[in-house]
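# Descriptive structure summary
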Amino acid sequence: MALIIDKKILLPVNTQLLISRTHSLLQDYLAISKFKVVAMLVLTAWVGLALAPDVGRGMAVQFISLLGIGLLSAAAAVINHVVDSEIDSKMARTRHRPVAKGRLSKTHALSFAAVIGVAGFIMLMVWANTLTAILTLFALVGYAFVYTSFLKRATPQNIVIGGLAGAMPPLLGWVSETNQMAAAPWLLVMIIFTWTPPHFWALAIARKSDYERAKIPMLPVTHGIDFCKTCVVAYSVLLAVVCVLPYLIGMSGLIYLIGACVLNAVFIYKAVKLKIAGKDETAMDLFRFSIIHLMVLFVILFIDKWLPL
Ligand code: HEM
Ligand SMILES: CC(C)=CCC/C(C)=C/CC/C(C)=C/COP(=O)(O)OP(=O)(O)O
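Below is a short write-up of the structure. Keep in mind it's a predicted model, so treat the numbers as computed, not measured.

### Remarks on the overall build of the protein chain
Each helix and strand counted, the protein chain has 15 helices and 2 strands in total. Principal axes of the C-alpha set define a box for the protein chain whose edges measure 65 × 50 × 45 Å. Evaluated residue by residue, the protein chain yields a buried proportion of 49% over its 309 residues. Pairs at least 24 residues apart make up 74% of the contacts formed inside the protein chain by residues separated by at least 6 positions. Total accessible area on the protein chain stands at roughly 15200 Å², and carbon and sulfur atoms take up 71% of it.

### Digging into the coordination of the iron atom of ligand 1
For a metal with four tetrahedral donors the ideal donor-metal-donor angle is 109.5 degrees, whereas six octahedral donors ideally subtend 90 or 180 degrees. No other protein atom reaches the iron atom of ligand 1 as a donor apart from His199 (NE2), found 2.2 Å away. Mapped onto the elements, His199 comes out in helix H10 (residues 183–206).

### What about the site of ligand 1?
Close to ligand 1 lie 19 residues; Arg93, Gly166, Thr196, His199 and Leu203 are nearest. Measuring from an oxygen atom of ligand 1, one finds a side-chain N or O atom of Arg97 at 3.4 Å. The contact in question runs from a nitrogen atom of ligand 1 to an N or O atom on the side chain of His199, over 3.1 Å. Elements with a contribution of two residues or more to the shell around ligand 1: helix H2 (35–51), helix H8 (158–167), H10 and helix H15 (280–306).

### So, the pattern of salt bridges
All chains considered together, the criterion is met by 10 salt bridges. The residue Arg153 makes a salt bridge to Asp84 at a minimum N-O spacing of 3.0 Å. Taken together, the residues span a long stretch of sequence, with Arg153 in helix H7 (residues 130–154) and Asp84 in the loop between helix H3 (59–83) and helix H4 (85–90) at a distance of 69 residues. You can call Arg153 partly exposed: its relative accessible area is 34%. Taking the shortest distance from any N to any O, the salt bridge between Arg213 and Asp210 comes out at 3.3 Å. Note that Arg213 and Asp210 are positioned in helix H11 (residues 208–213) at a spacing of 3 residues, about one turn of the helix. For Arg213, a relative accessible area of 45% puts it in the partly exposed group. Salt bridges sharing partners connect three or more residues here, namely Asp84, Lys152 and Arg153.

The rules we used
- Residues numbered from 1 in each chain as written.
- Chains lettered and ligands numbered in written order.
- Predicted model: local features only at pLDDT ≥ 70, side-chain atom pairs only at ≥ 80, totals over all residues.
- Heavy atoms only, no water.
- Helix = DSSP H or I, 4+ residues; strand = E, 2+ residues; numbered from the N terminus.
- Buried < 20%, exposed > 50% of the residue type's maximum accessible area, 1.4 Å probe, protein only.
- Contact = heavy atoms within 4.5 Å.
- Areas by Shrake-Rupley, 256 points an atom, 1.4 Å probe, with all protein chains shown as cover.
- Donors = N, O, S within 2.8 Å, 3.2 Å for Na, K, Ca; no water.
- Near = heavy atom within 4 Å.
- Polar contact = N/O pair within 3.5 Å; in protein donor to acceptor, adjacent residues only side chain to side chain.
- Salt bridge = Lys/Arg side-chain N within 4 Å of Asp/Glu carboxyl O.

See the structure below:
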């Protein structure tokens, strides 16, 4: 029975223990699902869906389609935690992860991935269409198996090739509406595809010793930090060019163009600053900004659709 002292509810010790265990278990499951990354993937899928031609599907069905894409992305992230548990336990950034630490067994994690993955796939089959379900499954296999089990350990171009899986959500959102491929959503895929290398290499520069210890051939480890910084600058410039394409083909208007130019100017400035000044903190600053950049860019794409100039 609960006691009330000084307006505070005092629960029995057993109940308090149960609540705190449930809380940390929930946190562990959210962590292995890469909850924040998945939230961003769903945002980009939502914008792809919103920019697609209106086919009169209801909001509930659209919500379930996005949920399906989110659940399959989370399943991919959980499989990544299982496959990478040994690597994760060698790196300072990742060694406290639930599977690497042994707080969650691989069997539990894989069962969780299976449940949410199957649920997501069924949602897409029933409430979106088969094309979206199959494409999302390809993205899951691309990230969880091709990138994680093979590319990551094989080549410094790992994240360039593997980045395609994480770049797919705008196309998935669009196809969930139209049941058809189109050129326009591929431009949004290209934006994320070009954004991924500077996003990740900025972090890899700051965490080079981690990757060295885990013997993962990330670009700063195989080709040195200076070359990697040059690649970051080159990709930032390429990203700025790719970001103009939605305006040039008439998919987006002036609001988008201005927003994209400002965001990319800051991106290039921070990349050049990293190349010249080059402290770990400058690299982490670019990594954190890359996340804000992509989030704001996609929000602006959405605003531009409803407020065309
Ligand atoms: C192969 C492609 C990618 C690689 C290698 C990569 C790598 C990483 C890494 C290593 C982190 C740090 C995680 C941590 O601190 O534990 C991270 C964070 C993040 N990434 Fe990526 N990323 C990729 C693609 C993407 C994509 C496509 C998105 C979204 C569209 C994304 C969104 C984020 C976000 C939002 C965070 C911050 C997460 C947090 O604060 O917990 N990433 N990424
Ligand atoms: C269905 C679908 C759209 C799937 C895509 C799923 C997904 C979660 C993509 C994000 C890519 C990502 C966070 C890579 C980092 O992996 P890492 O192993 O290099 O980083 P880590 O060391 O932090 O685990």
